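The primary structure of each chain is shown beneath.
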Amino acid sequence: MSKWFYWNTALLVIVIVRVVTYFSFPKLTLPIIFGLIGFLFFLFNWTRNAVFSTIRNVDDRKTKIKLANLSKKVMPFHRYTGTIALVIIIIHVFFIGYWYGFSFTNIKMIFGLLALINLIFMVMTGWWRLMKPTGKLRRIHLRLGISLFFLITLHVLF
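We now turn to the structure provided with this report. These numbers come from a predicted model, not from an experiment. (Residues numbered from 1 in each chain as written. Predicted model: local features only at pLDDT ≥ 70, side-chain atom pairs only at ≥ 80, totals over all residues. Heavy atoms only, no water.)

1. Some words on unusual backbone geometry
Omega for the bond connecting Phe-25 with Pro-26 falls within 30 degrees of zero, at 10°, which places this linkage in the cis form. Within the secondary structure, Pro-26 is located in the loop between α1 (3-20) and α2 (30-57). (Helix = DSSP H or I, 4+ residues; strand = E, 2+ residues; numbered from the N terminus.)

Next comes the structure, spelled out in structure tokens:
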């Protein structure tokens, strides 16, 4: 199993703990609900990276075939779930801005803004790859995904 499965699971647990320990739990506010839903869409898409990493590293051919077939079934929805994640996160940003305002002194908001910008570029490169599939765009898309994972982690932790 890929190290990304472990990292994804750890981040999912951290997010769930942060949501459950939020001061208004179980009555969550709209920014928290949209942030959680957007995060789950992102994590669903990002888990494909873990599947591909496992396919490359596992020795058992049957496991490789099983994972490749699973990934092939999910692939048609990949761009759409990424775009839906972007739309939901923009709604999350709207609610945060409306209720709390924006402050450059708030580190959580800075990491959130960086993650939003990263997500915008990631969705753009994902759609560009549909029109012009190059190795360079694939690498850029993957690196944006890795940096987005760490930016979301920092956003959640602070």
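Moving on from the model shown.
2. Here's the deal with the environment of Met-75
Along the chain, Met-75 turns up in helix α3 (residues 61-100). Judged by its relative accessible area of 30%, Met-75 is partly exposed. When the C-alpha atoms of Met-75 and Met-124 are compared, they prove to be 17 Å apart, with 49 residues separating the residues in sequence. (Buried < 20%, exposed > 50% of the residue type's maximum accessible area, 1.4 Å probe, protein only.)

3. Some remarks on helix α5 (residues 135-157)
With 23 residues, α5 ought to run about 33 Å at 1.5 Å a step, and its terminal C-alpha atoms sit 33 Å apart, in line with that. Listed in full, the buried residues belonging to α5 are Leu-137, His-141, Leu-144, Gly-145, Leu-148, Phe-149, Leu-151, Ile-152, Thr-153 and Val-156. Buried-residue contacts for α5 involve α1, α2, α3 and α4 (107-131). (Expected span 1.5 Å × (residues − 1). Contact = heavy atoms within 4.5 Å.)

4. As for the side chain of Thr-54
Tracing the sequence through the fold places Thr-54 in helix α2. Exposure remark for Thr-54: the relative accessible area of 7% places this residue in the buried category. In contact with Thr-54, not counting residues within four places along its chain, are Met-1, Ser-2, Phe-5 and Leu-67.

That is the geometry; function is a separate question.
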